[in-house]
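Spelled out, the chains give:
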Amino acid sequence: MKRLKKRAEFLAVARGVRSARRAFVLQTLRLPDETAEPRCGFTVSKKVGNAVVRNRVRRRLKEAIRLDTAALGRPGHDHVVIGRREALAQDFARLRADLAGAFRQGRADRRGRDAGTTVADASQNSHRDHRGEPPGRTR
RNA sequence: CCAGUCGGCCGGGCGGCCGCCUCGGGUGUCUCACUCGGGGAGGAAAGUCCGGGCUCCACGGAAAGACGGUGCCGGUCAACGACCGGCGAGGGCGACCUCAGGGAAAGUGCCACAGAGAAGAUACCGCUCUCCUGCGGACAUCGGGUUACCGAUGUCCGGUUUCGAUGCGGACAUCGGAGACAUCCGAUGUCCGGUCGCGAGACGGAGACCUCCUUCGGGAGGUUCCAGGAGGGUAAGGGUGAAAAGGUGGGGUAAGAGCCCACCGCGGACCCGGCAACGGGGACGGCACGGCAAACCCCACCGGGAGCAAGACCGAAUAGGGGCGGCGCGGGCUCGCGAGAGUCCAGGUCUUUUCCGGACCGGCCGCCCGGGUUGGUUGCGCGAGGCGUCCGGCAACGGGCGUCCCAGACGAAUGGCCGCCACGUGGGGGAAACCCCGCCAUACAGAACCCGGCUUACAGGCCGACUGGCACU
RNA sequence: UGGGGCGUCGCCAAGUGGUAAGGCAGCGGAUUUUGAUUCCGCCAUUCGCAGGUUCGAAUCCUGCCGCCCCAU
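Being a predicted model, the structure only gives us computed values, none of them experimental. (Residues numbered from 1 in each chain as written. Chains lettered and ligands numbered in written order. Predicted model: local features only at pLDDT ≥ 70, side-chain atom pairs only at ≥ 80, totals over all residues. Heavy atoms only, no water.)

Asker: Please set out the protein's contact with RNA strand B residue by residue, giving values where relevant.
Answerer: Taken together, 19 residues lie around RNA strand B, and Arg 3, Leu 4, Thr 43, Arg 58 and Arg 59 are the ones closest in. Considering RNA strand B, the proportion of its atoms within 4 Å of the protein that are sugar or phosphate atoms stands at 58%. Ala 51 is positioned with one of its backbone polar atoms (N or O) 3.4 Å from a phosphate oxygen of RNA strand B. Here Arg 58 contributes a side-chain N or O atom positioned 2.3 Å from a phosphate oxygen of RNA strand B. (Near = heavy atom within 4 Å. Polar contact = N/O pair within 3.5 Å; in protein donor to acceptor, adjacent residues only side chain to side chain.)

Take a look at the structure:
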């Protein structure tokens, strides 16, 4: 899954649906462009621990998503995974199961649509608009 | 063997599957994908406490001043506040450890409390010399004096001492009474006390001693001691303090004192050793020169400022700036079919500043130029480089030779899962070798331009040198 | 990356060489029939930590720890 890298993109996804698990919090944003490739970003704040701990949390989450990227990703959705300290020690199989559940929950939530339109208005200069369809379209 | 000191090093290993970043080669449908090969976190990558490289800015050169830093001596280093060696001071039986360790006779300042005195010493108690005085007070009278006051006499009060009586207080004894006892009360006697009261006598520091006189009451003189006052001399002793202006002993003195002497301490011309810091000796001085500069400060030396988010290049769309050319000549209102006329209102730039006055511009189109946001490229890893070895040096380090190329991201790669082994630790089994099970088992911790140091964190382990003790030979 | 500030009782805080004010809270007592108010008393042992300078350190110096803020 492609990575989110810009601060503006993270702020946009933060307005989407949140679903919390023990080891992480998942934010999901439904995009107006249904065919857009699914993307994902990671946030691990300084509260979690020092640099080694933060790196490890992010890498475990990243690996779990990589292994199930076909099952988790659907076109037209952006995600941000906020790592928690529990992701350091949690059983890896359990981590994968939690991620799958959180992704399903995020997509099922209808509120993502409204958030998507407003964000699209706010970030209309983003390069996504160059290849995508015009905003404001409803399904 | 036990206890300890110092220095150096490591900080998991092998393998499987699926992945990530980057470099080079190849292929393709060539801002990407595939494939082959190489590389991919640390001793601290950390904290950001110093020093440099590099880049930009500033600057005619330098110096001074201000500000900041450093501070024994010598060396090493690109440089340093780092390191090495030495010296000094302190600590430890020792190996060894710790130290911002220049200047207090350049100046200013501080040293609370206590204490007499806290820094050009002081003088409270005390010690001591000389001189003077030798019950005190009040009142009255007289005399002297301008006054202040002084002297004499008297009275009163206080004072001192002796004696007496006795009250008082205490102890003891006897007797009587009360009470179950403990004990209490009263009387008498003896002894002691004298801070109180009474009476009488004496005194004039009421003290001691000596001599003389005597009417035996006392008087005169002297010595010594005592008390008070004035003027000196002291700094030994007391005590305070963190610190008291050399220490101890002796001589000396009125008492004392480096006043003198011996020893110790201190300063110290000069001599010797050392590149130096410093060390050894030391004529002589006779004791000044307390501590604090991590108080201000003085002296010596060093420092232009900022930082890779430095800096360089490219740069779409939109908006805006400048230049040139062409066309046009502001806006509102009223009248008019219209051309146009009337009226009102400006704004900017220049004219040195304000006012007045004057000139120009304002819109549209085209071309060009420069700045610049998101972004992209670069800076970006051959270096004060790593490893090995030899030589010089006590060492830090320097030199020669050989060999190697070894992370390069930018929401940030080096990961996930698993097996075996090593070591540690806990539990269980076994006589033992050993076996089984558990540990998020295995710390501290993640490059962000680079390098040299410092500091801090760290499970566990290895090696070497040395010290003290015990035992054995 | 660079710069600045703070840390003192449970809370808010004063004090910048001489042995740690004050307020709130808490505890005990008095006043009151009871409560509130008021009054009195108590309440700091490593002044974030560790070293050092000094006779003496919350204060001065050095090194750490934690928190906050600013610029880019």
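Asker: How would you summarise a positive patch on the surface if you had to cite specific residues and measurements?
Answerer: Together, Lys 2, Arg 3, Lys 5, Lys 6, Arg 56, Arg 59 and Lys 62 make up a positively charged patch on the protein surface. Elements represented by at least two residues in the positive patch include exactly strand 1 (2-3) and helix 2 (51-67). Sorting elements by how many residues they give to the positive patch places helix 2 first, with three residues. (Patch = residues over 30% accessible without salt bridge, like charges linked within 9 Å, V, L, I, M, F, W, Y side chains within 5 Å. Areas by Shrake-Rupley, 256 points an atom, 1.4 Å probe, with all protein chains shown as cover. Salt bridge = Lys/Arg side-chain N within 4 Å of Asp/Glu carboxyl O. Lys, Arg positive; Asp, Glu negative; His and termini not counted. Charge placed at Lys NZ, Arg CZ, Asp CG, Glu CD. Helix = DSSP H or I, 4+ residues; strand = E, 2+ residues; numbered from the N terminus.)

Read these as geometric descriptors, not functional statements.
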